[in-house]
Amino acid sequence: MPDKEQLDRIFHFIMETFIERGNAPHFTEIALEFGMKPDEGKALLHDLFSTGVMPMWLYPGTDLIVSFAPFNNLPTQYRITVNGQQKWFAQ
């Protein structure tokens, strides 16, 4: 199991990516950000999601982030608008 600091950094990267782009990063982007192999990025993504610390889930049978509270990577009827800009969907 990775240390909590590493999981915190990955959590922060995912959240910042959502805020900046309006969608979640792929595990290969996580790996690239932290200088590791894609399989290591995927494993850490699964480790983070298995903590159960907040509502977040992957698309069934994949390694793709669907939801990462408060954001949803798939369009929903719940839109988030900040300063007139709408590029996010909520859970």
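Preceding block: the structure.
Residues numbered from 1 in each chain as written. Predicted model: local features only at pLDDT ≥ 70, side-chain atom pairs only at ≥ 80, totals over all residues. Heavy atoms only, no water.

Colleague: Before we move on, can you summarise the side chain of Thr76 with the specific residues and values?
Modeller: For Thr76, the position within the fold is in the loop between strand S3 (71–72) and strand S4 (79–82). The class of Thr76 is buried, set by a relative accessible area of 18%. Reaching out from Thr76, the side chain makes a polar contact with the backbone nitrogen of Tyr78 at a distance of 3.1 Å. Here the side chain of Thr76 touches Ala90 through a polar contact of 2.9 Å, landing on its backbone oxygen. Leaving out residues up to four positions away in the same chain, Thr76 has contacts with Phe89 and Ala90. (Helix = DSSP H or I, 4+ residues; strand = E, 2+ residues; numbered from the N terminus. Buried < 20%, exposed > 50% of the residue type's maximum accessible area, 1.4 Å probe, protein only. Polar contact = N/O pair within 3.5 Å; in protein donor to acceptor, adjacent residues only side chain to side chain. Contact = heavy atoms within 4.5 Å.)

Colleague: Tell me about the pairing of strand S5 (residues 85–90), and please be specific about residues and values.
Modeller: Direction of pairing for S3 relative to S5: antiparallel, over a ladder of two bridges. Paired with Asn72 across the strands is Phe89, a residue of S5. Where S4 meets S5, four bridges bridge the pair, whose relative direction is antiparallel. Residue pairing for S5: Ile80 is matched across the bridge by Trp88. (Pairing = 2+ DSSP bridges.)

Colleague: Run through helix H3 (residues 38–49), naming residues and quoting values.
Modeller: Taking 1.5 Å per residue as the helical rise, H3 with its 12 residues ought to reach 16 Å, and the 17 Å between its terminal C-alpha atoms agrees with that figure. Its buried side turned inward, H3 meets helix H1 (4–21), helix H2 (27–33), strand S1 (56–58) and strand S2 (65–68). (Expected span 1.5 Å × (residues − 1).)

Colleague: With reference to specific residues and values, describe the nonpolar core.
Modeller: Within the largest apolar cluster, 23 residues are counted, with the highest numbers of intra-cluster contacts made by Ile14, Phe18, Leu45, Leu48, Phe49, Ile65 and Phe68. Those elements giving two or more residues to this core turn out to be H1, H2, H3, S1 and S2. The biggest single contributor to this core is H1, with six residues. (Core = buried A, V, L, I, M, F, W, Y, C linked by side-chain atoms within 4.5 Å.)

Colleague: Outline the pattern of salt bridges, supporting the account with residue identities and numerical values.
Modeller: Close approach of charged atoms allows side chains of opposite charge to pair. A complete count under the given rule lists three salt bridges for this structure. Between Glu29 and Arg21 there is a salt bridge; the shortest N-O distance is 2.6 Å. For Asp63, the salt bridge goes to Lys42, with nearest N and O atoms at 3.8 Å. Of the two residues, Asp63 is situated in the loop between S1 and S2 and Lys42 in helix H3; the sequence distance between them amounts to 21 residues. Exposure remark for Asp63: the relative accessible area of 22% places this residue in the partly exposed category. (Salt bridge = Lys/Arg side-chain N within 4 Å of Asp/Glu carboxyl O.)

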